[in-house]
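Here is how the chains run, residue by residue.
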Amino acid sequence: MKLKNIKQFVTNPVARFYILNGRGFYKHLSDEKFIRKAYKVRMGKELSLEHPTTYNEKLQWLKLNDRNPLYTQMVDKYEVKKIVASAIGEEYIIPTLGVWDKFEDIDFDKLPKQFVLKCTHNSGGLVICKDKSNLNLEKAKQKINRSLAFDYYYNSREWPYKNVQPRIIAEQYMENADGSAIDDYKIQCFDGNVDNIMVCVGRFEKSGVRYHYFDKEWNYLPYCPYEGINGENVNIAPPEKLNEMLEIAEKLSKGIPQLRVDLYEIKGKVYFGELTFFTSSGFDTTITEEADRILGSKLIIRNTKENYEA
């Protein structure tokens, strides 16, 4: 263990929990016991699964009780494209350049100058290649192989990821007309109805990422407690294709208690990003307690456990 990790292990209970979890220390725990323990560590309070009221609590309840087998395909970054293309059309899908089981199977000579590599079964492990002639293959291999070996299900017990086949996909590299990084719009839906849109700002800046929420009419929602920030000084314009995005999100989330649909607007066109069942895995400490309660009141949970095979 590196010196930095040792210091975190000793002084930070959250870091200590995830270091131990990453080493398989909690694999023997049932999903419910793990979730209760993780919630206490991350949120600093006990989890109520018997009478969940907040958004974060209800997401934990859904992890244990809403286990539709289709969700496995919906979180698979390769397989989900088939579902989305069938629902809204191929024109919304970022082209896939290839899919492989191992890094050694990738024929880089057949890939274009620019592309993106990612794994199908988890979040992270992204390799963005803007110029293939300058790509450090060894570093890319190390990053992808770490991602392939990472069991995302055991990280936070998000059930949809449990049976996803770990693979590597290459996608077409996408950028704005001016060459800048594309923005994604994370559209939160409850029972197939759009509730809010979250925009990430500063993801690649030293100042750090900030999350800003808007309603369907693009009115600012004060869900994140940033000092000195309110709707009047957040200068984020709505995407040109906002209405089209809202229609897509509602179509893709129909019949699901809650689902976040991530979309891009690139050069005047809308593209599909991914589907997220558990924002921040239900451990979202970036929103206020009031926002947690408000969103929780909108998420209606039903006893779905008996409807699916776990």
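It should be noted that the structure appears before, not after, this text.
For clarity, every value in this text was computed on a predicted model and none was experimentally measured.

Engineer: Any details on the sheet that holds strand β9 (residues 258-266)? Residues and values, ideally.
Structural biologist: Ordered in space as β8-β7-β6-β5-β9-β10, the six strands form an open sheet in which the pairing is antiparallel. The sheet is open, and its two edges are formed by β8 (220-221) and β10 (269-276), each paired on a single side. Pairing geometry for strand β7 (residues 210-214) and β8, over two bridges, is antiparallel. Paired with Phe214 across the strands is Tyr220, a residue of β8. Sitting on the sheet, helix α9 (residues 242-253) touches β5 (184-190), β6 (193-201), β9 and β10, and the angle it makes with β9 is about 145°.

Engineer: Got a sec to walk through the packing of aromatic side chains? Specific residues and values, please.
Structural biologist: Counted according to the given criterion, the structure contains 18 aromatic pairs. Their ring planes at 40° and their centres at 5.5 Å tell us that Phe17 and Phe34 sit as a pair that is tilted. Taken together, the residues Phe17 in helix α2 (residues 13-22) and Phe34 in helix α3 (residues 31-43) connect sequence positions 17 residues apart. Across this residue pair, the class does not change: Phe17 and Phe34 are buried. Note on Tyr26 and Phe34: the rings are 6.5 Å apart at their centroids and 65° apart in plane angle, and the pair reads as edge-to-face. We classify Tyr26 as buried; its relative accessible area is 8%. Ring pairing ties together the aromatic residues Phe17, Tyr18, Phe25, Tyr26 and Phe34, which thus form one cluster. Lying across the ring of Tyr154, Lys27 places its NZ or CZ 4.7 Å from the centre. It is Arg210 that lies over the ring of Tyr226; its NZ or CZ is 5.0 Å from the centre.

Engineer: Outline the nonpolar core, listing residues and values.
Structural biologist: Among the nonpolar cores identified, the biggest contains 70 residues, and Ile187, Trp218, Leu252, Leu263, Phe272, Leu275 and Phe277 are the most heavily contacted of them. For this core, the leading source of residues is α9, giving six residues. Every residue in contact with Leu275, bar those within four places of it in the chain, is listed here: Met74, Val80, Leu252, Leu259, Arg260 and Val261. Core analysis: the second largest hydrophobic core is formed by 15 residues, Trp100, Phe108, Leu117 and Ala170 among them.

Engineer: Explain α2 to me, using residue names and the numbers behind them.
Structural biologist: Turning to α2, its buried residues number three or more, namely Ala15, Phe17, Tyr18, Ile19, Leu20 and Asn21. One or two positions beyond α2, positive phi appears at Gly24, with a value near 80°.

Engineer: Any details on the pairing of β7? Residues and values, ideally.
Structural biologist: Consecutive side chains of a regular strand alternate in pointing toward one face of the sheet and then the other. The sheet contact formed by β6 and β7 spans five bridges and is antiparallel. Within β7, the residue paired with Met198 across the bridge is Tyr213. Following β7, the chain reverses through five residues before pairing antiparallel with β8; Trp218 in that reversal takes a positive phi of roughly 65°.

Engineer: Could you give an account of the packing of helix α4 (residues 55-65) against helix α10 (residues 289-298), naming the residues involved and the relevant values?
Structural biologist: Here α4 crosses α10 at 45°, and the two axes come no closer than 7 Å. In terms of orientation, α4 lies oblique with respect to α10. Each of Tyr55, Asn56 and Lys58 in α4 lies in contact with α10, whose residues at this interface are Asp292, Leu295 and Gly296. When its residues are assigned to classes, the contact of α4 with α10 shows two nonpolar, two polar and two charged.

Engineer: Explain the packing of α2 against α3 to me, and be specific about the residues and the numbers.
Structural biologist: The geometry of α2 relative to α3 is characterised by a closest axis approach of 9 Å and an angle of 150° between their N-to-C directions. Here α2 lies roughly antiparallel to α3, going by the angle between them. α2 and α3 meet at a crossing whose hand is left-handed. Across from Pro13, Val14, Phe17, Tyr18 and Asn21 in α2, the residues of α3 making contact are Phe34, Lys37, Ala38, Val41 and Arg42. Grouping the amino acids of the contact of α2 with α3 by side-chain chemistry returns seven nonpolar, one polar and two charged.

Engineer: Lay out the pattern of salt bridges with the relevant residues and their values.
Structural biologist: Under the counting rule described, the total for this entry stands at 18 salt bridges. The salt bridge involving Glu32 is made with Arg36; its shortest N-O contact spans 3.1 Å. Of the two residues, Glu32 and Arg36 are both situated in helix α3; the distance of four residues between them amounts to about one turn of the helix. Sharing partners across several salt bridges, the network here consists of Asp76, Glu79, Lys82 and Arg167.

Engineer: Run through the side chain of Asn21, naming residues and quoting values.
Structural biologist: Take Asn21: it is sitting in helix α2. Within the local environment of Asn21, its side chain forms a polar contact with the backbone oxygen of Tyr154, the two atoms lying 3.2 Å apart. In this structure, Asn21 is in contact with Tyr26, Phe34, Tyr154 and Asn155, ignoring residues within four places of it in sequence.

Quick notes on the rules
Residues numbered from 1 in each chain as written. Predicted model: local features only at pLDDT ≥ 70, side-chain atom pairs only at ≥ 80, totals over all residues. Heavy atoms only, no water. Pairing = 2+ DSSP bridges. Helix = DSSP H or I, 4+ residues; strand = E, 2+ residues; numbered from the N terminus. Contact = heavy atoms within 4.5 Å. Axes fitted to C-alpha atoms, helices over the stretch in contact; angles between N-to-C directions. Phe/Tyr/Trp six-rings, centres within 6.5 Å; stacked < 30°, edge-to-face > 60°. Buried < 20%, exposed > 50% of the residue type's maximum accessible area, 1.4 Å probe, protein only. Lys NZ or Arg CZ within 6 Å of the ring centre and 35° of its normal. Core = buried A, V, L, I, M, F, W, Y, C linked by side-chain atoms within 4.5 Å. Parallel < 35°, antiparallel > 145°, perpendicular 65-115°, else oblique. Nonpolar A, V, L, I, M, F, W, Y, C, P; charged D, E, K, R; others polar. Left-handed = near helix turned anticlockwise from the far one by under 90°. Salt bridge = Lys/Arg side-chain N within 4 Å of Asp/Glu carboxyl O. Polar contact = N/O pair within 3.5 Å; in protein donor to acceptor, adjacent residues only side chain to side chain.

Everything listed here is a matter of geometry and, on its own, says nothing about what the molecule does.
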